[in-house]
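One letter stands for each residue in the lines below.
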Amino acid sequence: MTAYVRQGLVEVGANPAPRRRPTKRPSFREQVAVAARLLAALANDKRLLTLIHLMDGERTVSDLLSPVGCTKHSISLHLRELVEHGVLECRAEGSWRYFSCKSEEAKAIIRLLDDLARNNELPALLSGVPQRPCRKRRSR
C-alpha cells in the first residue's frame, strides 16, 4: 500500500500540473445571456446607486439608508437580489451583515458609466418614454 502511495507522489512530483479537460468556451448566446442577467440586476436605480456606494468597501444596511434613500426593508430586498445575482457578497459579524461588491464585471460597468457621465456622454432622457412607476402594495 505504501509503495503505491509513494509511486503516486513521485508521479505527481514529476508532473505537478493536474490533468484537466480543456474548458469549453461559452457560446456567444451564453455570454449574451450572462450579460443580460447582470444588466437586469443593475437596471434599477436604487440597486445601481447601492452598488456605487459599495465600490469603496463594505457597508451595512444602515450605512446605505441615507445615501440611497430607501427604507430598510426595500434596501434589504435590493441587496438580496444583488447577492442572488452574484454581484455582492454578504459577511455576517454578530447580528450585523456587511455587504461588498465582489463582481469585477459590475465594477467595470460602473467605471464605464462614470467615465461617460464625466465626459457628458450619457444619453439624454427621452421625454417620450414613460418612467415606470413604483409598484404599490395592495392591502389584502
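Thresholds applied
- Residues numbered from 1 in each chain as written.
- Predicted model: local features only at pLDDT ≥ 70, side-chain atom pairs only at ≥ 80, totals over all residues.
- Heavy atoms only, no water.
- 1 Å grid on protein atoms, 1.4 Å probe; cavity = no way out; pocket = protein on both sides within 12 Å on 5 of 7 lines; lining within 4 Å.
- Points joined across faces, edges and corners; volume = space filled by probe spheres on them.
- Helix = DSSP H or I, 4+ residues; strand = E, 2+ residues; numbered from the N terminus.
- Nonpolar A, V, L, I, M, F, W, Y, C, P; charged D, E, K, R; others polar.
- Buried < 20%, exposed > 50% of the residue type's maximum accessible area, 1.4 Å probe, protein only.
- Polar contact = N/O pair within 3.5 Å; in protein donor to acceptor, adjacent residues only side chain to side chain.
- Contact = heavy atoms within 4.5 Å.

Enquirer: Summarise the layout of surface pockets; cite the residues concerned and give the values.
Expert: To find leftover empty space, a probe the size of one water molecule is rolled over the atoms. Within this model, the second largest pocket holds a volume of roughly 250 Å³. As for the second largest pocket, its lining consists of 10 residues, and the residues nearest its centre are Leu-48, Leu-113, Ala-117, Leu-122 and Pro-123. Put simply, the parts of the chain that give the lining of the second largest pocket at least two residues each are α3 (45-54) and α6 (104-118). Considering every element that reaches the lining of the second largest pocket, the biggest residue donor is α6, with four residues. Taken together, the residues of the lining of the second largest pocket sort by class into nine nonpolar, no polar and one charged.

Enquirer: Give a detailed account of the side chain of Ser-103, specifying residues and quantitative values.
Expert: Structurally, Ser-103 is set in the loop between β2 (96-101) and α6. Given the relative accessible area of 7%, Ser-103 is considered buried. At 3.2 Å, the side chain of Ser-103 and the side chain of Glu-105 are in polar contact. When near neighbours in sequence (up to four residues on either side) are disregarded, Ser-103 contacts Gly-86 and Val-87.

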